[in-house]
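Examining the three-dimensional arrangement
One letter stands for each residue in the lines below.
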Amino acid sequence: MPLAGFLLAEVFLRVLFGFGNPPLYIADDDIGYVLAPNQRVRRFGNLIAINQYSMRTHEIQKSRPPENLRVFMIGDSIINGNWWTDQSEILSALMEQALSQQTNKQQIVEVLNASANSWGPRNELAYLQKFGTFESQIVMLVINTDDLFGTQPSPLQVGQDLNYPNKKPILALLELATRFQKRPAIPGLKEIQNEKGDRIGKNLTAIETMNKHVDVSGGKLLLAMTPLKREVINGPRDYELVARKRVDELVAQQQIPYIDFLQAFQDEPAPTSLYRDHIHLSSSGNQLVTQTLIDLILQSIPL
């Protein structure tokens, strides 16, 4: 490739798509991994801003100002939004805007967003144990059905899996090229992914422990679960029905306010339009979830 063409392609990939400047991750022995703090990048035209606490949120004070309503969302890529969602359109941003319009105008609303791709309840518990709840009145845990079967936190992917880079590639062209290369297996990862034992029980125990942690911190835990697209169309599989029943039993025993979105999604005239793929939500899906979660928050804290 002539030099001029090379430079043009490099600039094109960087400016238009954000190649060469991916959001970075850092390994954590307890949490598994978090987004590296203090980042601001654009991918495919969408802004991704990460604050000092590895949240996809503006910078915050560790202590909540007394006049603020602080909602702390925690979850996986569904609330993170990843590269396909601009900062202004992720669930936490939509909720912050809508809550601000429905609360006391003198009250400042903050909706924090601690999340990362493929986190499960055990990752999320470890984050809360490390960083705390930031004095949030509400902690909103959002999971999906697959999270109930999630494995133990692991940092093995960081710097090894293309989706969890820990340093910037030298060239945008190089990053693009690596997308088409077969990567070697990550040592030890298969053993993590094949974790034995009662995974559902381990994840439900993590949720129960989160509830206790939030309660001691003076907040209230709320739980929401979004279904897989195929569950909405064909109904959950037998093993998913078993897992869902165990969630129902846990929230009843622990008195955790809970929303299962399966029925609400199935009741939509065009339920497939709520998804951008088999698990992640579209803009209309985010809107439906946003308003439902706001209703739950308003019921939990009269404003």
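Further up the page is the structure itself.
Only a predicted model underlies this, so the values are computations on that prediction, with no experimental measurement involved. (Residues numbered from 1 in each chain as written. Predicted model: local features only at pLDDT ≥ 70, side-chain atom pairs only at ≥ 80, totals over all residues. Heavy atoms only, no water.)

1. Details of the sheet that holds strand β5 (residues 68-75)
Through backbone hydrogen bonds, the strands of a sheet pair up, either in parallel or in antiparallel fashion. In space, the 5 strands of this open sheet follow the order β6-β5-β7-β8-β9, with parallel pairing throughout. Edge positions in the open sheet fall to β6 (108-115) and β9 (258-260), since each of these has one partner strand only. Pairs of neighbouring strands in the sheet enclose a mean axial angle of 15°, with direction left out of account. Relative to β6, β5 runs parallel, the two being bridged by 8 bridges. Bridging from a neighbouring strand, Leu-69 pairs with Val-109 of β6. Helix-sheet contacts for helix α3 (residues 91-102) involve β5 and β6, and the interaxial angle to β6 is about 165°. (Pairing = 2+ DSSP bridges. Helix = DSSP H or I, 4+ residues; strand = E, 2+ residues; numbered from the N terminus. Axes fitted to C-alpha atoms, helices over the stretch in contact; angles between N-to-C directions. Contact = heavy atoms within 4.5 Å.)

2. Quick word on the nonpolar core
Judged by nonpolar contacts, the single largest core of 44 residues is most densely connected at Met-55, Phe-72, Ile-74, Tyr-127 and Phe-134. For this core, the element with the most residues is helix α7 (residues 199-216), which contributes 6 residues. Of all hydrophobic cores here, the second largest spans 33 residues; its members include Ala-224, Ile-259, Leu-281 and Leu-288. (Core = buried A, V, L, I, M, F, W, Y, C linked by side-chain atoms within 4.5 Å. Buried < 20%, exposed > 50% of the residue type's maximum accessible area, 1.4 Å probe, protein only.)

3. Overview of the packing of α3 against helix α11 (residues 283-300)
Closest axis-to-axis distance for the α3/α11 pair is 9 Å, and the angle between their directions is 50°. Classified by the angle their axes make, α3 and α11 are oblique. Where α3 crosses over α11, the two elements pack in a sense that is right-handed. Residues Leu-91, Leu-94, Met-95, Ala-98, Leu-99 and Gln-102 of α3 form the contact with α11, whose own contacting residues are Asn-286, Gln-287, Val-289, Thr-290, Gln-291, Leu-293, Ile-294, Ile-297 and Leu-298. Here the residues of the contact of α3 with α11 are counted per class, giving 10 nonpolar, 5 polar and no charged. (Parallel < 35°, antiparallel > 145°, perpendicular 65-115°, else oblique. Left-handed = near helix turned anticlockwise from the far one by under 90°. Nonpolar A, V, L, I, M, F, W, Y, C, P; charged D, E, K, R; others polar.)

4. Considering the pairing of β5
With 8 of its 8 residues buried, β5 lies for the most part within the structure. On β5, burial covers both faces: Asn-68, Arg-70, Phe-72 and Ile-74 on one face and Leu-69, Val-71, Met-73 and Gly-75 on the other are all buried.

5. Considering the layout of surface pockets
Roughly 670 Å³ of volume is contained in the largest pocket. Lining the largest pocket are 30 residues, with Tyr-33, Ser-118, Thr-151, Gln-157 and Tyr-164 sitting closest to its centre. Looking at the lining of the largest pocket, the element that brings in the most residues is helix α6 (residues 189-193), giving 3 residues. Split into classes, the residues belonging to the lining of the largest pocket amount to 9 nonpolar, 16 polar and 5 charged. (1 Å grid on protein atoms, 1.4 Å probe; cavity = no way out; pocket = protein on both sides within 12 Å on 5 of 7 lines; lining within 4 Å. Points joined across faces, edges and corners; volume = space filled by probe spheres on them.)

6. Side note on the pairing of strand β3 (residues 39-43)
Side chains Gln-39, Val-41 and Arg-43 of β3 all project onto a buried face; the interleaved residues Arg-40 and Arg-42 project onto a face where none is buried. Where β3 and strand β4 (residues 46-50) come together, 5 bridges link them in antiparallel fashion. Bridge pairing in β4 places Gln-39 opposite Ile-50. Following β3, the chain reverses through 2 residues before pairing antiparallel with β4; Phe-44 in that reversal takes a positive phi of roughly 50°.

7. With respect to the packing of aromatic side chains
One pass over the structure, following the stated rule, counts 18 aromatic pairs. Here Phe-17 and Phe-19 contribute two aromatic rings whose centre-to-centre distance is 6.3 Å and whose plane-to-plane angle is 55°, an arrangement assigned as tilted. Their ring planes at 45° and their centres at 5.0 Å tell us that Phe-44 and Trp-83 sit as a pair that is tilted. With Phe-44 in the loop between β3 and β4 and Trp-83 in the loop between α2 (77-80) and α3, this residue pair connects regions lying 39 residues apart in the sequence. For Trp-83, a relative accessible area of 35% translates into the label partly exposed. Counting every residue linked through ring pairs, the aromatic cluster contains Phe-12, Phe-17, Phe-19, Phe-44, Trp-83 and Trp-84. Against the face of Phe-134 rests Lys-62, its NZ or CZ located 4.3 Å from the ring centre. (Phe/Tyr/Trp six-rings, centres within 6.5 Å; stacked < 30°, edge-to-face > 60°. Lys NZ or Arg CZ within 6 Å of the ring centre and 35° of its normal.)

8. Points about unusual backbone geometry
We note that Ser-118 has phi near 65°; this positive angle belongs to a residue other than glycine. Relative to the elements of secondary structure, Ser-118 occurs in the loop between β6 and α4 (121-131). Phi angles above zero are rare outside glycine, and Phe-134 is one such case at about 60°.

9. Notes on empty space enclosed by the protein
In this structure the tally under the stated criterion is 1 cavity of 30 Å³ or more. Of the volumes computed, that of the largest cavity is approximately 50 Å³. Around the largest cavity sit Ser-77, Ile-78, Gly-81, Trp-84, Thr-85, His-280, Leu-281 and Asn-286, which together line it. In terms of residue class, the lining of the largest cavity is made up of 3 nonpolar, 5 polar and no charged.

10. Remarks on α7
Helix length check: α7 (18 residues) gives 26 Å between terminal C-alpha atoms against 26 Å at 1.5 Å per residue, within 8%. All of the buried residues in α7 are Ile-200, Gly-201, Asn-203, Leu-204, Ala-206, Ile-207, Met-210, Asn-211 and Val-214. In this structure, the buried side of α7 is in contact with α4, β7 (138-144), β8 (220-226) and α9 (238-254). Gly-218 sits one or two positions beyond α7 and adopts a positive phi of about 90°. (Expected span 1.5 Å × (residues − 1).)

That's the geometry; what it means functionally is another story.
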